[in-house]
Amino acid sequence: MSVVSRCLYPDLQAVNTSSLSFSAASKGNGFLRLQPVPMRFAVCCAAKKDTVDKVCEIVKKQLAVPEGTEVCGASKFSDLGADSLDTVEIVMGLEEEFQISVEESSAQSIATVEDAAELIDKLVEEKSS
């Protein structure tokens with residue numbers, strides 16, 4: 001599934017996938033066969049949509065992403081041209097925007113907008129409780 005597909009269908013969740021094949025049994029007749037296959041991907045958005053949207057805006061601003069470039073929860077910082085310094089600056093911007101503090105070990109696990117949004121939601125919840 002491409003990044004664009006994941007951006008267009010952020011709530012898509014694959015729980016149990018199967019293969020679907022069409023074969024011609026004889027001329028003009030066909031049959032349908034379902035075969036189980038191992039799960040190849042899972043898309044799940046646990047972060048709040050508002051958080052994901054704010055993170056997208058911060059990432060666009062920080063990386064000076066060209067107008068018209070799609071940035072969504074599935075977007076990887078590296079695919080948007082971010083290096084390790086850019087990622088540190090993104091995390092600093094997120095800390096400032098959301099009034100949180102991100103541990104270095106947690107910051108190193110952030111690779112996508114969704115990763116950042118999930119971590120932010122978790123830290124904001126912990127801070128408010």
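Refer to the structure printed above.
Just so we're clear, the structure is a prediction, and the values are computed from it rather than from any experiment.

Once that is clear, we can look at unusual backbone geometry. Phi is positive for Ala64, close to 50°, though the residue is something other than glycine. Among the secondary structure elements, Ala64 is positioned in the loop between helix H2 (49–63) and helix H3 (84–98). Although it is not a glycine, Gln99 adopts a positive phi angle of roughly 55°. Among the structural elements, Gln99 can be located in the loop between H3 and helix H4 (104–107). The exposure class of Gln99 is exposed, given its relative accessible area of 55%.

A few words now on H2. Note: α-helices contain 3.6 residues per turn, so residues at a spacing of three or four share the same orientation. Here H2 is 15 residues long and its end C-alpha atoms lie 21 Å apart, about the 21 Å a rise of 1.5 Å per residue gives. Burial in H2 covers these residues: Thr51, Val52, Val55, Cys56, Ile58, Val59 and Leu63. Check the buried side of H2 and you find it contacts H3 and helix H5 (113–128). Just downstream of H2, Ala64 is the residue with a positive phi angle, here 50°.

Another aspect to go through is the nonpolar core. Ranked by internal contacts, the top residues of the largest apolar core, which has 25 residues, are Val55, Val59, Phe77, Leu94, Phe98, Val102 and Val113. Counting residues per element, the ones that place at least two in this core are H2, H3 and H5. In this structure, Val113 is in contact with Val52, Val55, Cys56, Val59, Val71, Cys72, Gly73, Ser75 and Phe77, ignoring residues within four places of it in sequence.

Conventions adopted
Here the residue numbering is sequential within each chain, running from 1 through the sequence in written order. Local features in this predicted model are restricted to residues of pLDDT 70 or higher, and side-chain atom pairs are both shown and tallied only at a pLDDT of 80 or more, whereas totals for entire chains, interfaces and linings draw on every residue. Side-chain measures were taken over the full set of non-hydrogen atoms in the model, leaving aside hydrogen atoms and water. Only runs of H or I of at least four residues qualify as helices and only runs of E of at least two qualify as strands under DSSP, and these elements are numbered from the N terminus. When a residue's accessible area, from a 1.4 Å probe over protein chains only, is under 20% of the maximum for its type it is buried; when over 50% it is exposed; and in between it is partly exposed. To estimate the expected span of a helix, count its residues, drop one, and scale the result by 1.5 Å. Contact criterion: two residues are considered in contact whenever any of their non-hydrogen atoms come within 4.5 Å of each other. In these notes, a set of buried Ala, Val, Leu, Ile, Met, Phe, Trp, Tyr and Cys residues joined through side-chain atoms within 4.5 Å is what counts as a nonpolar core.

Shape descriptors only; they carry no functional weight alone.
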